[in-house]
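# Breakdown of the fold
So you can see what is in the structure, the chains are spelled out below.
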Amino acid sequence: GRNVESPGEDPLINALYGIAYVKGAQQGDEYPNVIKTIVTLKHWFAYNMENDHNGNTRFNFDAKVSAYDLAATYMSPWEKAIKESNPLG
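Let us look at the structure shown here. (Residues numbered from 1 in each chain as written. Predicted model: local features only at pLDDT ≥ 70, side-chain atom pairs only at ≥ 80, totals over all residues. Heavy atoms only, no water.)

### Looking at the packing of aromatic side chains
Applied cut-off: By convention, a stacked pair of Phe, Tyr or Trp rings (six-membered ring in the case of Trp) has centres within 6.5 Å and planes under 30 degrees apart, an edge-to-face pair has planes over 60 apart, and any other such pair is tilted. Under the scheme used here, helices are H or I runs from DSSP no shorter than 4 residues and strands are E runs no shorter than 2 residues, and both carry numbers assigned from the N terminus. Categorising residues by exposure relies on relative accessible area from a 1.4 Å probe, with only protein chains included: less than 20% of the type maximum marks a residue as buried, more than 50% marks it as exposed, and the intermediate range marks it as partly exposed.
According to the stated counting rule, one finds 1 aromatic pair in the structure shown. A centroid spacing of 6.4 Å and a plane angle of 15° characterise the contact between Tyr17 and Tyr21, whose relative ring orientation is stacked. Linking Tyr17 with Tyr21, this pair stays in helix H1 (residues 11-26), spanning 4 residues, or about one helical turn. When its relative accessible area of 35% is taken as the criterion, Tyr17 is described as partly exposed.

### What to know about H1
The condition is simple: A helix's residues, less one, multiplied by 1.5 Å, set its expected span. Arc definition: it is the arc formed by the directions from the helix axis to the C-beta atoms. By definition, residues are in contact when any of their heavy atoms lie within 4.5 Å. Under this definition, polar contacts are N or O atom pairs within 3.5 Å; protein pairs additionally need one hydrogen-donor-capable and one acceptor-capable atom, and for neighbouring residues in sequence, both atoms have to be side-chain atoms.
Compared with the 22 Å implied by 1.5 Å per residue over 16 residues, the 22 Å span of H1 between its first and last C-alpha is a close match. Where H1 is concerned, the buried positions are Asn14, Ala15, Gly18, Ile19, Val22 and Gln26. The arc that holds every buried residue of H1, seen down its axis, measures 135°, which confines them to one face. In this structure, the buried side of H1 is in contact with helix H2 (67-85). Two or three places before Leu12, at the opening of H1, Asp10 has a side-chain oxygen 3.0 Å from that residue's backbone nitrogen.

### Focus: the side chain of Gln26
Here Gln26 shows up in helix H1. Its relative accessible area of 0% is what places Gln26 among the buried residues. When sequence neighbours within four positions are dropped, the list of residues in contact with Gln26 reads Val34, Ile35, Lys36, Thr37, Ile38, Val39, Ser85, Asn86, Pro87 and Leu88.

### What to know about unusual backbone geometry
Negative phi values dominate among residues other than glycine, just as trans dominates among peptide bonds. For Asn86, which is not glycine, the phi torsion reads 55° and is therefore positive. Tracing the sequence through the fold places Asn86 in the segment after H2.

### Observations concerning the packing of H1 against H2
In plain terms, the rule: Fitted lines through C-alpha atoms give the axes, limited to the stretch in contact for helices. The angle between two N-to-C directions lies from 0 to 180 degrees. Our angle categories are set so that under 35 degrees counts as roughly parallel, over 145 as roughly antiparallel, 65 to 115 as roughly perpendicular, and the remainder as oblique. Each crossing gets its handedness from the near helix: less than a right angle anticlockwise from the far helix is left-handed, clockwise is right-handed. Each residue is assigned to one of three groups, with Ala, Val, Leu, Ile, Met, Phe, Trp, Tyr, Cys and Pro labelled nonpolar, Asp, Glu, Lys and Arg labelled charged, and all others, Gly among them, labelled polar.
Between H1 and H2, the shortest axis-to-axis distance is 8 Å and the interhelical angle comes to 30°. By the angle between their directions, the pair H1 and H2 is classed as roughly parallel. Of the two elements, H1 crosses H2, and the hand of that crossing is right-handed. Counting all contacts with H1, which are made through Pro11, Asn14, Ala15, Gly18, Ile19, Val22, Lys23 and Gln26, the residues of H2 involved are Ala72, Thr73, Ser76, Pro77, Lys80, Ala81, Glu84 and Ser85. Looking at the contact of H1 with H2, its residues break down into 7 nonpolar, 6 polar and 3 charged.

What follows is the structure, encoded as structure tokens:
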């Protein structure tokens, strides 16, 4: 599912994980000036369902996320990861 793309619900841990993920996947340590792949963090922003126990899937579920939850839970780690890691996707 989509949950494997982020480590959980904690905004700070998600941000730090996102930064490390992007930097490791795109640059790596051995050749920091060579782009190995292009990373996008699109599934980190309020999109983490594959299937659930009620028969919902990412194809038939309409998540209604409040403005507060978007700002407090999803936006801050996504924004921090974008600003501090420079994903190219």
